[in-house]
Number of protein chains: 4
Amino acid sequence: MLIVMKRDSTPEEIQAVVDKIESLGMKAQPIPGGMRTSICVLFNKGAVDPSPFLSMPGVRDAIVVSKPYKLVSRETSPQNTVIEVGKVRIGGEKLTVIAGPCAVESHERLLQTAKAVKSAGADILRGGAFKPRTSPYSFQGLGEEGLKLLARVREETGLPFVSEAVDHEVCDLVEEYADMIQIGARNMQNYSLLRRAGRAGKPILLKRGMSATYEEWLMAAEYIMAEGNREVVLCERGVRTFADHLRNTLDLSVVPFVRRITHLPVLVDPSHGGGNRDLVLPLTYGAVGVGAQGLIIEVHHDPERALSDGPQSLFPEQFADLMKRLPKLVEAIRT
Amino acid sequence: MLIVMKRDSTPEEIQAVVDKIESLGMKAQPIPGGMRTSICVLFNKGAVDPSPFLSMPGVRDAIVVSKPYKLVSRETSPQNTVIEVGKVRIGGEKLTVIAGPCAVESHERLLQTAKAVKSAGADILRGGAFKPRTSPYSFQGLGEEGLKLLARVREETGLPFVSEAVDHEVCDLVEEYADMIQIGARNMQNYSLLRRAGRAGKPILLKRGMSATYEEWLMAAEYIMAEGNREVVLCERGVRTFADHLRNTLDLSVVPFVRRITHLPVLVDPSHGGGNRDLVLPLTYGAVGVGAQGLIIEVHHDPERALSDGPQSLFPEQFADLMKRLPKLVEAIRT
Amino acid sequence: MLIVMKRDSTPEEIQAVVDKIESLGMKAQPIPGGMRTSICVLFNKGAVDPSPFLSMPGVRDAIVVSKPYKLVSRETSPQNTVIEVGKVRIGGEKLTVIAGPCAVESHERLLQTAKAVKSAGADILRGGAFKPRTSPYSFQGLGEEGLKLLARVREETGLPFVSEAVDHEVCDLVEEYADMIQIGARNMQNYSLLRRAGRAGKPILLKRGMSATYEEWLMAAEYIMAEGNREVVLCERGVRTFADHLRNTLDLSVVPFVRRITHLPVLVDPSHGGGNRDLVLPLTYGAVGVGAQGLIIEVHHDPERALSDGPQSLFPEQFADLMKRLPKLVEAIRT
Amino acid sequence: MLIVMKRDSTPEEIQAVVDKIESLGMKAQPIPGGMRTSICVLFNKGAVDPSPFLSMPGVRDAIVVSKPYKLVSRETSPQNTVIEVGKVRIGGEKLTVIAGPCAVESHERLLQTAKAVKSAGADILRGGAFKPRTSPYSFQGLGEEGLKLLARVREETGLPFVSEAVDHEVCDLVEEYADMIQIGARNMQNYSLLRRAGRAGKPILLKRGMSATYEEWLMAAEYIMAEGNREVVLCERGVRTFADHLRNTLDLSVVPFVRRITHLPVLVDPSHGGGNRDLVLPLTYGAVGVGAQGLIIEVHHDPERALSDGPQSLFPEQFADLMKRLPKLVEAIRT
C-alpha cells in the first residue's frame with residue numbers, strides 16, 4: 001500500500017502514520033517528493049486494508065498495491081491449469097463445448113437433445129434441475145428427479161454432465177449425481193455455498209456475478225480453492241450495464257484480461273448474454289475470437305416448446321453447423 | 001402483453017400469433033393501426049413471458065405490460081404496512097433507527113456501543129455475527145457466539161436486535177436468537193435463502209442487491225411473502241455503477257419511487273454507501289429527505305479499533321448529534 | 001506514480017524502468033519489498049501517464065498517485081469560492097435557487113412562471129432557448145428569440161437568468177444576453193465548447209455528464225478555469241446506470257464527496273433525475289440533505305401544456321410550498 | 001403507445017385519456033381486460049411522448065411502442081447500405097480496415113506508419129489532428145498542420161483518410177482535407193455538430209457515446225441523415241460500466257443487434273476498448289466474430305515513442321500478422 005499525505009501534512013502526522021503501520025507488524029518507508037510525502041507499506045502479507053489510514057489526519061489517499069488473490073494467480077501457478085471432467089479436459093489445447101437444454105424437462109426430451117449435441121461433437125451435457133428464477137411463480141425445475149434423468153442420459157450417451165447447485169442441500173445432490181457442479185451468477189458471492197463447493201470432490205463451474213468486477217470473480221474462485229478444491233473453471237455470462245438491448249452485456253473483453261492473471265480455464269456462455277438465438281451464433285464466434293477456452297451453449301431439440309429460455313436455445317441443426325465452424329475459427333487465430 | 005408486428009407482416013403471421021396466445025389460455029385482440037398491427041393479450045394471469053412470441057415470423061416486439069409482483073404491490077394492499085420488531089414499529093409515523101457495530105467483537109465492546117446508541121435514541125441494535133466478506137482471508141465474524149452476545153446485550157439494554165443470515169443453517173440460529181433477520185445484498189437473489197426466510201417466524205430486513213433493478217428487489221420480497229411471511233422491510237444500501245468515488249452509489253431516488261409501488265416499509269443504510277464517516281452524515285440527511293421510513297447506521301464506540309468497517313462507523317457523539325437533528329428534518333418535510 | 005514490478009522481475013528490468021523515468025525528467029526511487037520491488041516516481045509535475053510503463057518487461061502495474069486537477073482543487077484554494085450572478089451569490093451561506101421552465105415558449109408564459117417563482121423566493125430564472133433533444137424531430141427551442149424573451153422578463157421581474165449554450169455560435173448569443181451560461185450534460189466533454197466558456201465573461205453552470213466520473217467532471221471545470229474563467233458552478237443532474245426506474249440515477253453521494261475536493265459551489269438539479277414531479281419534491285429535500293449549495297428546478301405555470309418536460313415541472317404552488325420548507329431543512333442539518 | 005390504466009380507474013378517467021389522445025390528432029382504442037383497461041394509441045406519426053399521460057388520474061403506465069428512428073431503420077431501407085470512401089467500400093462483402101496512429105505527430109512518422117499499414121493491406125488511414133483530451137494540459141494535436149500532413153501522405157501512398165472533427169470550425173477543415181469525417185464518442189450527442197455533419201459532403205464515421213443506448217446511437221445517426229447526408233458508418237468503441245479492468249467495456253453484443261435494425265455499416269474500434277496492445281488482438285478477432293463489417297485499429301511504427309495512446313497501438317508486424325488472419329476468420333463464420 002502507498003499512503004499519500006496532503007501537501008500541508010505535518011511531520012507529526014507523517015510519524016503517526018509510520019507508527020500505525022509498524023504497530024500492524026509491517027514496515028513503513030516515507031518518500032519525500034517535490035510537493036508531498038508518500039509512505040510505502042512494506043512486508044505486508046496480502047492486501048492491506050486502506051481504511052484505518054484514510055481517516056488519519058494529514059492523509060489524502062491510501063492506494064492498495066497488493067492484490068488480494070493468491071491461489072488463483074499466475075504468479076503462484078504460471079502454467080495453464082487443465083481440469084478433467086470425466087475424460088474431457090478443460091483448459092488444454094482443444095476448445096471444450098458444453099451444450100444442452102436450459103432445464104431438464106423429461107427423459108425423452110433430454111435424451112433427444114443429448115443425442116443431437118453429442119453427434120454434433122459436444123463434450124459435456126448441461127441441464128438445470130434446480131433453477132434460480134426471478135419470480136417465485138415460474139417453473140423451478142424438476143429437482144432431484146432432473147438429476148436422475150441427467151445421470152440416466154449419461155449412461156445412454158456417454159456424456160458427462162454439469163448442473164447447478166443453489167444451496168448446500170442441492171449441492172449434496174449435485175455432487176452425488178453430476179460430473180461438475182455449477183455455481184450460478186446470482187450465487188457468485190454466496191460465500192457459504194462457495195465454501196461448500198470448496199469441499200466438494202467434483203470440479204466447479206463458477207459463473208461471474210452480474211455486477212462482479214474481475215477481482216471479485218477471482219476472489220470467489222479463491223474462496224473455493226482456499227477450502228481445498230483446486231478444480232475451478234471460470235465462466236463469463238454477461239454483466240449488468242445501462243445497455244438495454246439485451247438482458248445482459250456479454251463482457252468478452254474480460255476473457256483475455258483474466259487469462260493473463262489466472263491459470264484457471266475461462267469459458268463463455270453466449271446464450272444468457274444473447275437472449276435470442278440469432279444473436280447466440282455471432283456471440284459464440286466472438287467468444288472464440290477473444291480466446292475463450294470453451295463454451296456453454298443452450299440447445300433444445302424443440303425450443304419453441306421449451307419450458308424456459310426457449311428463444312435463446314439453438315436448434316440442433318444450428319448447433320451442428322456452429323460446431324463445424326469452430327475448428328476453423330480456432331485455427332485462424334492460433335499460430 | 002402487447003405484440004407488435006412488423007410493417008410487412010402477413011395475415012397468416014398475425015393469425016399464428018393469435019392462435020399461439022389462445023393456445024396458452026389467453027385472449028388475443030388484434031388492433032390494426034396506420035402502419036402495422038399490434039395484438040393485445042388479455043385475461044392473462046400475471047406477467048406473460050414474451051420470449052415464445054419474439055421468435056415467431058412477422059413479430060417485431062413483445063412488450064410486457066403486467067407487472068410480475070402481486071403481494072408486495074399497493075394495488076393488492078393500498079395501506080402502508082407497519083411491522084413490529086419487539087415493541088418497535090417500522091413503517092409508522094415515526095422514523096425507525098437501527099444502529100450498532102458492523103460486527104460483534106466482544107461483550108464489553110458491544111455493550112458500550114449499545115448503551116451509547118440507546119441513550120441517543122436508537123430503536124433497534126444491529127450487529128453482524130456471520131459476516132459475508134469478499135476475501136476468504138478476512139475476519140468472518142464470531143458466529144453463534146456473536147448471536148449469544150447480542151441476546152445478552154438485549155437483556156441488559158432492552159434493545160431488540162437484527163443480524164444477518166447467510167445460509168439456511170445460520171438462518172436457523174438467527175431466527176432463534178434475533179428479533180429480525182437480515183438478508184444481505186449479496187444474497188438478494190439467493191432464492192433458496194429467501195424461501196427459508198419466508199418460513200421464518202421473524203420479520204425480514206431485505207437489502208437491495210448490488211445490481212438489482214427495483215423490480216428484482218420487489219420480486220425478492222415477493223419470494224418471501226409467497227411462502228407466508230408478510231413481514232418484510234426493504235433497505236437500499238447502494239448499487240454498483242461506473243462511479244468510482246465511493247464503494248457503492250447510494251440510490252436515494254429509488255426510495256420515493258418504490259414507496260409509490262409497494263406498501264412495505266423502506267429504509268436506507270447510509271453507512272455502506274458512504275464508506276467514510278464524514279459522508280455518512282450528509283447521506284443520512286439525504287435519506288430522510290427522500291422519504292426513508294428508517295435508517296440502519298453503523299456506530300462503534302471506538303471505530304479506530306473496529307475489526308471491520310471502522311472508517312464508516314460513526315463515533316457515539318456524532319450519532320447522538322445526528323439523532324437530535326432527525327426530528328427537525330422530518331418536521332421540515334412533512335406537513 | 002508507483003510502478004509495481006512482477007515478483008520475478010530482473011535487476012535489468014528494474015533498471016530500465018528507472019532509466020525511463022529519469023529520461024522523462026523525473027526522479028525514480030526503487031523500494032525493495034518482501035516479495036517484489038516497487039519504484040516511486042518523484043518530482044513529477046501533475047499526473048504522470050502510466051501507459052509507457054505498463055508495456056515494459058517486468059512491470060505488473062503502474063498506479064497513478066497525483067491528481068490531474070489543479071485550479072479546481074481545495075489544495076490550491078482552500079476556501080469556498082462564492083460566485084456572483086447579478087446580485088445573487090452562489091456558494092455562500094444561503095442556498096441559491098434557480099427555477100423556471102424547461103424551455104422558453106412565449107413571453108406571456110415565461111412571465112407568468114417567472115413572477116410565480118420570484119414571489120416564492122427564487123433567486124435566478126432558468127429557461128432553455130436552444131434545447132439539445134435526442135430526436136431531430138422534437139421541438140428544438142425558440143433560439144435567439146427565446147434569449148430576448150428571457151432578457152425582457154429580467155427587466156420586468158429583476159431576476160437574472162441562466163440559459164444553455166450548445167455550440168460556439170450559441171455561446172456568443174447566450175454570453176450577450178444571459179447572466180450565466182449553462183453547459184449541459186451532453187456537452188460536458190465538448191472540450192472546444194469548454195474552452196470557449198473559459199473565455200466568456202460570465203459565470204458557467206457546468207452540469208455533470210451522464211457517465212462522467214467525479215474526476216472527469218472536475219477536469220471539465222479545469223478546462224474552463226485554465227482558459228481564465230474562474231467562475232464555475234458544478235451541477236449534479238443524474239447519471240446513467242443499470243437502474244431503469246427513472247431516466248437517470250441522481251447521484252446525491254457525489255455532492256459531499258466533491259465538496260471536500262473542490263472549492264467550487266455544487267448545485268443539484270432534481271428535475272432531470274426525477275422525471276416526474278411527485279419525485280422531484282423528495283429528491284429536492286434529499287439534495288439539501290446531502291449538502292447541495294443550491295438547486296435548479298423546473299417550474300411551469302401550466303405544466304400540462306408545456307412543450308417539453310411538462311411532467312417533471314412543478315406547479316407554482318408546489319414550488320412555493322417547497323421554498324417555505326427549505327430554510328427549516330437547512331437549519332436542521334447545519335449547526 | 002399503450003396506456004395502461006390502474007385497476008380501480010373510473011370510466012371518467014378512461015374517457016379523459018381517450019379525449020386527450022384524440023385532441024392530439026390520434027385515434028384511441030380502449031381494450032377492457034380481465035383486471036384493468038388498456039388504451040391503444042393509433043395513427044400516430046412516429047413515437048408518441050408518454051409524459052403528458054403519465055400524470056393523468058387513473059393512469060398506471062404509458063408504454064412507448066413506436067420507435068423514434070426512421071431513416072436509419074431497415075424497415076425504411078431493407079438492403080445493407082454500402083458507403084464509398086475514395087475507392088474503398090464500407091458495408092459490402094469485404095471487411096474494411098482503417099488503421100494508423102492515434103495522433104499525427106510528424107510527416108516522417110506518419111508516412112512510415114502509413115506505408116506499413118498499406119503494405120499489410122489496410123484500406124483507409126486514420127490519424128488525429130485535433131484530439132479531444134480529458135486534461136487541458138495534455139497534447140491536443142497538430143491542428144490544421146496535421147490535416148495537411150495526412151493529405152500529403154495520401155498523395156504519397158494512395159490511402160484515403162479519416163480524421164476527427166470536434167467543432168464546426170474543425171469540421172470545415174476536416175471536410176476540406178479528409179475523405180471521411182469522424183464524430184468521436186464524446187460528441188455523439190453534440191447535436192449542433194451532428195447537424196453540421198449532416199450538411200457535409202463527406203461520409204461520417206459516428207462513434208457510439210460512452211453511455212449511449214443503441215437507440216440514442218441510432219438517433220445520432222438519424223440527426224445526420226435528417227440533414228441530408230445519408231453516408232453514415234457506425235462504430236462501437238466501448239462503453240462505460242462498473243467493470244474496471246479496462247478503460248471501457250467493448251460492447252461486442254451491440255454489433256449483431258444493431259445490424260438487425262439498421263442498414264448502415266457497423267465497425268468496431270478494438271484499440272480504445274483494449275487500452276493495451278496484447279488485448280487489442282483478441283478483441284479484434286472477437287469483433288470479426290460478432291459480425292463487424294470493418295475495424296479501426298491504432299498502429300504506430302514506434303509505439304513506445306508515440307505522443308498518445310502508445311501502449312494500445314499495435315506494432316506494424318503485429319498488424320501485418322493480424323491482417324493475414326482476418327480472411328480466414330471471415331471465411332470460418334460466413335457460409
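Residues numbered from 1 in each chain as written. Chains lettered and ligands numbered in written order. Predicted model: local features only at pLDDT ≥ 70, side-chain atom pairs only at ≥ 80, totals over all residues.

*Asks:* Could you give me a rundown of the nonpolar core, with the residues and numbers involved?
*Replies:* In this structure, A:Leu206, B:Leu206, C:Leu206 and D:Leu206 are the most contacted members of the largest nonpolar core, which totals 392 residues. When sequence neighbours within four positions are dropped, the list of residues in contact with C:Leu206 reads C:Ile183, C:Met188, C:Ala220, C:Ala221, C:Ile224, C:Val232, C:Val233, C:Leu234 and C:Cys235. (Core = buried A, V, L, I, M, F, W, Y, C linked by C-beta atoms within 7 Å. Buried ≥ 20, exposed ≤ 12 C-beta atoms within 10 Å, placed from the backbone. Contact = placed C-beta atoms within 7 Å.)

*Asks:* Give me the relation of the copies chain B and chain C: which residues, what numbers.
*Replies:* At an RMSD of 0.0 Å, chain B and chain C line up after a rotation of 180 degrees and a shift of 0.0 Å along the axis. Expressed as an axis order, the relation between the two copies is that of a two-fold axis. It is B:Gly286 whose C-alpha, among those of chain B, lies nearest the rotation axis, at 2.0 Å. When you check the interface residues of chain B against chain C, 100% turn up at the interface there too, and the contact is symmetric in its surfaces. (Least-squares fit on C-alpha atoms with pLDDT ≥ 70 in both.)

*Asks:* Tell me what's going on with the sheet that holds strand S2 (residues 27-32) of chain A, and back it up with residues and numbers.
*Replies:* By definition, the strands of a sheet pair up through backbone hydrogen bonds, in either a parallel or an antiparallel sense. All names here are of chain A. Taken together, the 4 strands give an open sheet; going across it, the order is S2-S3-S1-S4, and neighbouring strands pair in antiparallel fashion. The two strands at the open ends of the sheet, each matched to only one other strand, are S2 and strand S4 (59-63). Strand-to-strand twist in this sheet, taken as the mean axis angle between neighbours without regard to direction, amounts to 20 degrees. Here 6 bridges tie S2 to strand S3 (residues 37-42), and the two strands are oriented antiparallel to one another. Note that in S3 the partner of Pro-30 across the bridge is Ile-39. (Pairing = 2+ DSSP bridges. Helix = DSSP H or I, 4+ residues; strand = E, 2+ residues; numbered from the N terminus. Axes fitted to C-alpha atoms, helices over the stretch in contact; angles between N-to-C directions.)

*Asks:* Can you lay out the sheet that holds strand S7 (residues 96-100) of chain D for me, pointing to particular residues and giving the numbers?
*Replies:* Residues and elements named next belong to chain D. What the 8 strands build is a closed barrel, ordered S7-S8-S9-S10-S11-S12-S13-S14; its pairing is parallel. With direction set aside, neighbouring strand axes in the sheet form an average angle of 25 degrees. Here strand S12 (residues 232-236) pairs with strand S13 (residues 266-268) via 3 bridges, running parallel. Its bridge partner being in S13, Glu-236 is matched across the sheet by Val-268. Packing against the sheet, helix H3 (residues 107-120) makes contact with S7 and strand S8 (124-126), and its axis sits at approximately 155 degrees to S7.

*Asks:* Outline the pairing of strand S7 (residues 96-100) of chain A, supporting the account with residue identities and numerical values.
*Replies:* Residues and elements named next belong to chain A. Across the 5 residues that make up S7, a large majority, 5, are buried. The side-chain alternation of S7 yields two buried faces, one formed by Thr-96, Ile-98 and Gly-100 and the other by Val-97 and Ala-99. Across 5 bridges, S7 lies against strand S14 (residues 294-298) in parallel orientation. The partner of Gly-100 across the bridge, within S14, is Glu-298. Two strands pair when backbone bridges link them, and S7 and strand S8 (residues 124-126) are joined in this way by 2 bridges, in the parallel orientation. The residue of S8 that forms the bridge with Ala-99 is Leu-125. Read as a crossover between parallel neighbours, the route from S7 over helix H3 (residues 107-120) to S8 is right-handed. (Right-handed = clockwise from strand over helix to strand, strands pointing away.)

*Asks:* Tell me about the interface of chain B and chain C, and please be specific about residues and values.
*Replies:* Counting from both sides, the interface comprises 33 residues of chain B and, opposite them, 33 residues of chain C. Elements that contribute at least two residues to the side of chain B that touches chain C include exactly helix H8 (254-261), helix H10 (277-290) and helix H11 (316-333) of chain B. It is H10(B) that contributes the most residues to the side of chain B that touches chain C, 8 residues altogether. Partitioned by chemical class, the residues of the side of chain B that touches chain C number 19 nonpolar, 10 polar and 4 charged. (Nonpolar A, V, L, I, M, F, W, Y, C, P; charged D, E, K, R; others polar.)

*Asks:* Report on the environment of A:Lys27, specifying residues and quantitative values.
*Replies:* Residue and element names in this part refer to chain A. Relative to the elements of secondary structure, Lys-27 occurs in strand S2. Taking C-alpha positions, Lys-27 is 45 Å from Gly-289, a pair spaced 262 residues apart along the chain. With near-sequence residues (within four places) excluded, Lys-27 lies in contact with Glu-22, Leu-42 and Phe-43.

*Asks:* Describe the domain arrangement of chain A, naming the residues involved and giving the relevant values.
*Replies:* Assigned domains within chain A: domain 1 (2-63) and domain 2 (83-333). A straight line from the C-alpha centre of domain 1 of chain A to that of domain 2 of chain A covers 45 Å. (Domains from an automatic or database assignment.)

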